[in-house]
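Below, each chain spelled out in residue letters.
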Amino acid sequence: MVVPPAAVVTPQEASALPSLLRGNSRWVAVPWRELPGFEADTLFEAWNAWLKSCERPGPVFAPLCPEVRRLSIGGDEAQRQWLLERLQPYRVEPLQGSASGLLTAYFEPELEARRIPGAGFEVPLYQMPLGLTASRPWFTRQEIDTLPEAQAAVRGREIVYLADPVQAMVLQIQGSGRMRVTEPDGRQQLVRLAYAGHNGQAYQSIGRWLLDQGELRDASWPGIKAWMLQNPQRVRELLWRNPRVVFFREEPLGNFDSGFGPRGAQGVPLTPGRSIAVDPESIPYGTPVWLASEGPQLSLQRLVLAQDTGSAIRGAVRADYFAGWGAAAGELAGRLKQPLRLWVLWPKPR
């Protein structure tokens, strides 16, 4: 595909385009050359995530999906030329302050579980309790652990049991996980526990509490786990500092589904390394985004898709990077916290 020169906006033409306001962000039109690493990205990886977004596209990007599908069998250069022709990059900025924001990461834990309690597996994960509504706060984490009426409300709603309450907390914060479940007859199967809702309580960071108490200086998950090993008698006290409890639904996890992450807020499966969670008030679901971040954990300059959100993902230049599943993804998610710049790629009028 050869793009006519007129299709590529010059710096002068970009500066003449009006800025766009969306929620708590300002989008400033820029030339493509402002996007670091644009010529080097392996776009077919992002195209797989874009194809997922086209399963449930918003009204702005739905007209482009037939072209996105046709280009899925094209090479990087054909895809790159199409981006130049059909989309305009806008730098995302807050209404006030710096255009540099924060990048974190999240992942899908892989855990051993049992269908019935015993042999050290005593920590339950629950389905949504009957009668729970999103309109009012429900029992807190501490109340579910201690109050007879709260325990009666979740009795019979257990899906599986874990061996470690810390793993259960991590799973609830990440929102989903892969369980290798041992059934009562000894048979094992791989399933996904997907986010189904929560108890209406505000999320509170246990890492933040430990920092405020002067208990540690490293509030990453590895740091928190090390503190718990040193203070086993205080684990429940720490976990109760986060009153929010997440409930799950069980989903089958076949060979095809296991190649993707859980469904994000857009309603499509997440792609490792190419899906991000954003503040939807700033960036709509399904939007292709150029992401650039440099830090001690990794260097990223790539095309990603805005396909998810989270309770802590607020602000114009804020993203949570879906790292995938397993130990390496968990290590990255536990430590990643570095500067971020974002550019949305928005359709040009035709």
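Structural data are supplied above this passage.
What you see is a predicted model, and the numbers here were worked out from it, not measured in a lab.

**With respect to the nonpolar core**
Counting 67 residues, the largest nonpolar core has Trp50, Trp82, Leu83 and Met228 as the members making the most contacts within it. Here the element with the most residues in this core is strand β15 (residues 338-347); it accounts for six residues. The residues contacting methionine 228, other than those within four sequence positions of it, are Val166, Ile206, Val235, Leu238 and Leu239. If you look at the next biggest cluster of nonpolar residues, it comprises 15 residues, including Val123, Val160, Ala168 and Val246.

**Some thoughts on the pattern of salt bridges**
Note on pairing: side chains with opposite charge can pair once their charged atoms come close. Scanning the entire structure with this criterion turns up 21 salt bridges. Lysine 52 serves as the salt-bridge partner of glutamate 55, at 3.5 Å between the closest nitrogen and oxygen. Since its relative accessible area comes to 46%, glutamate 55 is described here as partly exposed. Judged by relative accessible area, lysine 52 falls into the buried class, the value being 8%. In this structure, arginine 178 engages glutamate 108 in a salt bridge whose closest nitrogen and oxygen atoms are separated by 2.8 Å. Taken together, the positions of arginine 178 in strand β8 (residues 177-182) and glutamate 108 in strand β4 (residues 101-108) put the pair 70 residues apart, joining distant regions of the chain. Each member of the pair, arginine 178 as well as glutamate 108, is classed as buried. One salt-bridge network, held together by shared partners, links Arg26, Glu34, Arg91 and Glu93.

Rules and cut-offs
Within each chain, residue numbers correspond to sequence positions counted from 1 in written order. Confidence filtering applies because this is a predicted model: local features only for residues at pLDDT of at least 70, side-chain atom pairs given and counted only at 80 or more, and all residues used for totals across whole chains, interfaces and linings. Values reported for side chains reflect all heavy atoms of the structure, with hydrogen atoms and water molecules removed beforehand. Definition used in this section: a nonpolar core is a set of buried Ala, Val, Leu, Ile, Met, Phe, Trp, Tyr and Cys residues joined via side-chain atoms within 4.5 Å. Relative accessibility thresholds used throughout: buried, under 20% of the residue-type maximum; exposed, over 50%; partly exposed, between the two (1.4 Å probe, protein chains only). Numbering goes from the N terminus for both helices and strands, where a helix is a DSSP run of H or I of at least four residues and a strand is a run of E of at least two. Any two residues whose heavy atoms approach within 4.5 Å at even a single point are treated as in contact. Should a side-chain nitrogen of Lys or Arg be within 4 Å of a carboxyl oxygen of Asp or Glu, the pair is scored as a salt bridge.

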